[in-house]
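What the coordinates show
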Amino acid sequence: MTADNPFQRAKAQLKKAGIKAGFSAKELEVLAEVSAVHEKELSVTVSGEKIKLMAFRVQHNDSRGPFKGGIRFHPEVNMDEVKALAFWMSMKCAVVGIPFGGGKGGVEVDAKSLSEKEYEDVSRAYIRGMAEHIGPDRDIPAPDVYTNPQVMAWMLDEYEKIKKRKAPGVITGKPLALGGSKARDYATAQGGVFALKQAADLLDLPPFKTRVAVQGFGNAGMHAARILSGIGYKIVAVSDSKGGIYDEHGLDIKKLIDHKKATGKVLGFEHTKDISNEDVLELESEVLIPAALGGVITPQNAGRIKAKIIVELANGPITPEADDILYKNDVFVIPDILANAGGVAVSYFEWVQNNMGYYWEEDEVLEKLGQLMFKAFRAVYETSKRLSIDMRTAAFVVGARRILEAEKLRGNI
Ligand code: GLU
């Protein structure tokens, strides 16, 4: 089957859940249906040359609320990937019970090759191309791979200039000074940590007995390593796109973050052994956190994974065939649409604060995030036990049921 086509992969996951939960063919059709796709060619000047970049926005399902989801800048972005990611966003928002549907955007660009000015131009051009399709009550973008609060600031500014009014709720993941929420910058990792704690309790794995390997040292992976090492977990390996490092005694994450900031990579950090990005997945650790890109755990390496718990901070890191192998091997997978939902959950809190014009303190945000992740984990875990299915399939069942309820109330089924 088509592990390399993310949208086919997403549909395979949905079908599996549909069989277990007894969804009808019509219900499956409604769940898979993409509401709208927008494709634009952006004209920007890069390295003195006028070039065209493909840009996408996919709006999957808005039965539960406005479309919601990040925008990624990546050279391999394509329509199928963005469709899958938009579909996963619909499921993710439903699983954690926030009133949004699913959307996703992307620009086919190598972000690492852009100057600051070019980054800004691409960000603003994206909004000029998509402004008519987004809005605080229509479709609300956010950061994703290689986009950050500064990118959100440029995008917000461009949108407000076009619309000639303030609209902070049009985009989330903004800097605090422009209406961002406290804790949004590390919310994806924090939500994953809340979910991991519950899984670790079930498996009787206290922090001091637990080694963790993290693939990816961007926003999600870096904060996850930081938070976990702060509460006593031993982070034995991390990697980024340039390679990985290993220390069986545990890495000093604070120092490693400084090293990464200074050199742009984790390689070369003191007293560590170099390993490859792929090695990180297979080494001896109780917890594995894929926090980079999709499709990294496949039937080729799934059987060699030694972790007892996988926390999917990346979107779509495990292919469906690999999922089956991990399930047979008793690996407890906390699926992306639950594990990384902390990001969009705090995006929701940000949007609520923007709508109220009143802002919460950090501990209030964290308290709300903790409760939301606790409830979502319980709902998925209980469904997995009741139907004797893996956590991913259970998450799809929970999410899909909520979307179907909204669709039925609207008279669409
Ligand atoms: N890009 C993040 C995700 O995949 C966050 C989306 C959002 O905050 O809207 O969940």
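Anyway, here's the lowdown on the structure attached to this text.

Rules and cut-offs
Residues numbered from 1 in each chain as written. Predicted model: local features only at pLDDT ≥ 70, side-chain atom pairs only at ≥ 80, totals over all residues. Heavy atoms only, no water. Pairing = 2+ DSSP bridges. Helix = DSSP H or I, 4+ residues; strand = E, 2+ residues; numbered from the N terminus. Axes fitted to C-alpha atoms, helices over the stretch in contact; angles between N-to-C directions. Core = buried A, V, L, I, M, F, W, Y, C linked by side-chain atoms within 4.5 Å. Buried < 20%, exposed > 50% of the residue type's maximum accessible area, 1.4 Å probe, protein only. Contact = heavy atoms within 4.5 Å. 1 Å grid on protein atoms, 1.4 Å probe; cavity = no way out; pocket = protein on both sides within 12 Å on 5 of 7 lines; lining within 4 Å. Points joined across faces, edges and corners; volume = space filled by probe spheres on them. Nonpolar A, V, L, I, M, F, W, Y, C, P; charged D, E, K, R; others polar. Near = heavy atom within 4 Å. Polar contact = N/O pair within 3.5 Å; in protein donor to acceptor, adjacent residues only side chain to side chain. Areas by Shrake-Rupley, 256 points an atom, 1.4 Å probe, with all protein chains shown as cover. Phe/Tyr/Trp six-rings, centres within 6.5 Å; stacked < 30°, edge-to-face > 60°. Lys NZ or Arg CZ within 6 Å of the ring centre and 35° of its normal. Patch = residues over 30% accessible without salt bridge, like charges linked within 9 Å, V, L, I, M, F, W, Y side chains within 5 Å. Salt bridge = Lys/Arg side-chain N within 4 Å of Asp/Glu carboxyl O. Lys, Arg positive; Asp, Glu negative; His and termini not counted. Charge placed at Lys NZ, Arg CZ, Asp CG, Glu CD. Expected span 1.5 Å × (residues − 1).

Pairing is mixed in the open sheet, where seven strands are placed in the order S9-S8-S7-S6-S10-S11-S12. At either margin of the open sheet sits one strand with a lone partner, and together these are strand S9 (273–275) and strand S12 (332–334). Across the sheet, the mean angle from the axis of one strand to that of its neighbour is 20°, orientation sign disregarded. Here strand S6 (residues 211–215) runs beside strand S10 (residues 287–290); their pairing, made up of four bridges, is parallel. Paired with glutamine 215 across the two strands is proline 290, which belongs to S10.

Our focus in this paragraph is the nonpolar core. Ranked by size, the top nonpolar core spans 88 residues in total, and within it Ile289, Ile309 and Ile334 carry the most contacts. Once residues within four sequence positions are removed from consideration, isoleucine 334 is found in contact with Ala195, Leu196, Ala199, Ile309, Ile310, Val311, Glu312, Ala339 and Phe377. Core analysis: the next-biggest nonpolar cluster, separate from the first, contains 28 residues, Ala125, Met130, Leu156 and Ala167 among them.

On to empty space enclosed by the protein. A full pass over the atoms with the stated rule returns one cavity of 30 Å³ or more. When its volume is computed, the largest cavity comes out at roughly 40 Å³. Forming the walls of the largest cavity are Gln13, Lys16, Pro320, Asp323, Asp390, Arg392 and Thr393. At the level of secondary structure, the elements contributing two or more residues to the lining of the largest cavity comprise helix H1 (6–21), helix H10 (320–328) and helix H14 (391–409). A per-class count over the lining of the largest cavity returns one nonpolar, two polar and four charged.

Now for the site of the ligand. Near the ligand there are 14 residues, and of these Lys68, Lys92, Pro143, Asp144 and Ser347 occur at the shortest range. In the model, an oxygen atom of the ligand is placed 2.6 Å from a nitrogen or oxygen of the serine 347 side chain. When isolated, the ligand has an accessible area of 290 Å², and the protein chains bury 95% of it. Counting residues per element, the ones that place at least two in the shell around the ligand are strand S3 (67–73), helix H3 (79–95), strand S5 (139–143) and helix H12 (342–356). Classifying every residue of the shell around the ligand gives four nonpolar, five polar and five charged.

To continue, consider the packing of aromatic side chains. With the rule as written, the count across this model stands at 10 aromatic pairs. Between the aromatic rings of phenylalanine 73 and tyrosine 119, the centroid separation amounts to 5.8 Å while the plane-to-plane angle is 40°, which identifies the pairing as tilted. On the criterion of sequence distance, the pair formed by phenylalanine 73 in strand S3 and tyrosine 119 in helix H4 (residues 116–130) is long-range, its members being 46 residues apart. Residue phenylalanine 73 shares its accessibility class with tyrosine 119, and that shared class is buried. Considering the side-chain rings of phenylalanine 377 and tyrosine 381, the 6.2 Å spacing of their centres and the 20° angle between planes classify their relative orientation as stacked. With a gap of four residues between them, phenylalanine 377 and tyrosine 381 both fall in helix H13 (residues 362–387), about one helical turn apart. Each member of the pair, phenylalanine 377 as well as tyrosine 381, is classed as buried. The structure contains a cluster of three or more aromatic residues connected by ring pairs, namely Phe100, Tyr348, Phe349, Trp351 and Trp360. Stacked on the ring of tyrosine 186, the Lys or Arg arginine 226 has its end atom at 5.4 Å from the ring centre.

The next point concerns a negative patch on the surface. Taken together, the side chains of Asp185, Glu362, Asp363 and Glu367 present a region of like negative charge at the surface. Mapping aspartate 185 onto the fold places it in the loop between helix H5 (149–163) and helix H6 (187–202).

A separate point is the pattern of salt bridges. Throughout the structure, instances matching the rule amount to 26 salt bridges. When the shortest N-O distance is used, the salt bridge between arginine 72 and aspartate 144 registers 2.7 Å. Here arginine 72 is found in strand S3, whereas its partner aspartate 144 is found in the loop between S5 and H5, with 72 residues between them in sequence. Arginine 72 sits in the buried class, given a relative accessible area of 5%.

Attention shifts here to H1. The terminal C-alpha atoms of H1 lie 23 Å apart, and with 16 residues this matches the ideal 22 Å at 1.5 Å per residue to within 8%. Taken together, the buried positions of H1 are Pro6, Phe7, Arg9, Ala10, Gln13, Leu14, Ala17, Gly18 and Ala21. Residues of H1 that are buried sit in contact with helix H2 (25–32), H3, H10 and H14. Looking at where H1 begins, the residue whose side-chain oxygen comes 2.9 Å from the main-chain nitrogen of phenylalanine 7 is asparagine 5.

Size it by volume and the second largest pocket reaches roughly 360 Å³. Within the residue set of the lining of the second largest pocket, elements represented by two or more residues are H10, S12, H13 and H14. Tallied by class, the residues present in the lining of the second largest pocket amount to 10 nonpolar, two polar and five charged.

To continue, consider the sheet that holds strand S4 (residues 102–107). In space, the five strands of this open sheet follow the order S1-S2-S4-S3-S5, with mixed pairing throughout. A single partner strand is all that each edge strand has here, and the edge strands are strand S1 (36–46) and S5. Shown here is a sheet whose adjacent strand axes are inclined to one another by a mean of 20°, direction ignored. The sheet strands contacting H3 are S1, strand S2 (49–61), S3 and S4, and the helix crosses S4 at an angle near 150°.

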